[in-house]
Amino acid sequence: MDPSPELEPLEAIERAISELRRSGGRRHSRPEHTQQHGSQRGPFFGKGAGHEHPFASMARYRLLSVLDRLGDGASVSELADAIHVDQPRASRVVADCVARGLATRSIDPTDARRSVIALADAGRAVLDERRRERRSAVEAALQGFSPDERQQFAALLTRFVDAAREATR
């Protein structure tokens, strides 16, 4: 059974926006940007100033998203590569997430010299909350779109994100 045509474009748009947020065309670490602009406003950028959303740091958001995708956890070095920051920055983001209870750090059972970072239940709950917020923002933004316009927008946005990703390689 095919999924509802109404939900397919919505999901594609949501994923495209998430991909734009996650990659942002960044190829290098920009900690000064995160520190200055950590609490961005708008429907796709978390809570406004005055309330620190767990995603106030985009590096934190990328780290939690990567941990969610990996499932079994990863080393700090692997996470640094995945979120496009240097290892010292990744270590600070991991320490922040562990201190907030969003991630866990344990000893790798196959190599005691290595730590394994995994998504904690609280981190998964925060990701789920943020995904609900993002979906709600996408649904609100698409209210005036017909089903055909939603489909077309999803296809064009996905194409755009794919082209942007290729351009930054």
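So, how was this worked out
Residues numbered from 1 in each chain as written. Predicted model: local features only at pLDDT ≥ 70, side-chain atom pairs only at ≥ 80, totals over all residues. Heavy atoms only, no water. 1 Å grid on protein atoms, 1.4 Å probe; cavity = no way out; pocket = protein on both sides within 12 Å on 5 of 7 lines; lining within 4 Å. Points joined across faces, edges and corners; volume = space filled by probe spheres on them. Helix = DSSP H or I, 4+ residues; strand = E, 2+ residues; numbered from the N terminus. Nonpolar A, V, L, I, M, F, W, Y, C, P; charged D, E, K, R; others polar. Core = buried A, V, L, I, M, F, W, Y, C linked by side-chain atoms within 4.5 Å. Buried < 20%, exposed > 50% of the residue type's maximum accessible area, 1.4 Å probe, protein only. Contact = heavy atoms within 4.5 Å.

A description of the layout of surface pockets should follow, citing residues and the corresponding values.
Empty space within the second largest pocket amounts to approximately 320 Å³. Around the second largest pocket, the lining comprises 15 residues; the ones closest to its centre are Glu14, Arg15, Ser18, Arg131 and Arg134. At the level of secondary structure, the elements contributing two or more residues to the lining of the second largest pocket comprise helix H1 (7-23), helix H3 (58-70) and helix H6 (121-141). Element by element, the count of residues in the lining of the second largest pocket is highest for H6, at six residues. Broken down by class, the residue content of the lining of the second largest pocket amounts to two nonpolar, two polar and 11 charged.

Outline the nonpolar core, supporting the account with residue identities and numerical values.
In this structure, Leu63, Leu64, Leu67, Leu79, Val94, Cys97 and Ile117 are the most contacted members of the largest nonpolar core, which totals 21 residues. Going through the elements one at a time, H3, helix H4 (76-83), helix H5 (87-99), strand S2 (111-119) and H6 are the ones with two or more residues in this core. Ranked by the residues each element gives to this core, the list is headed by H3, at five residues. Here Leu79 is in contact with Leu63, Val66, Leu67, Leu70, Ala74, Val94 and Ile117, once residues within four sequence places are set aside. In this structure, Val138, Ala154, Leu157 and Val161 belong to the second largest nonpolar core, which totals nine residues.

Note that every value here comes from positions in space, so none of it alone points to a role or purpose.
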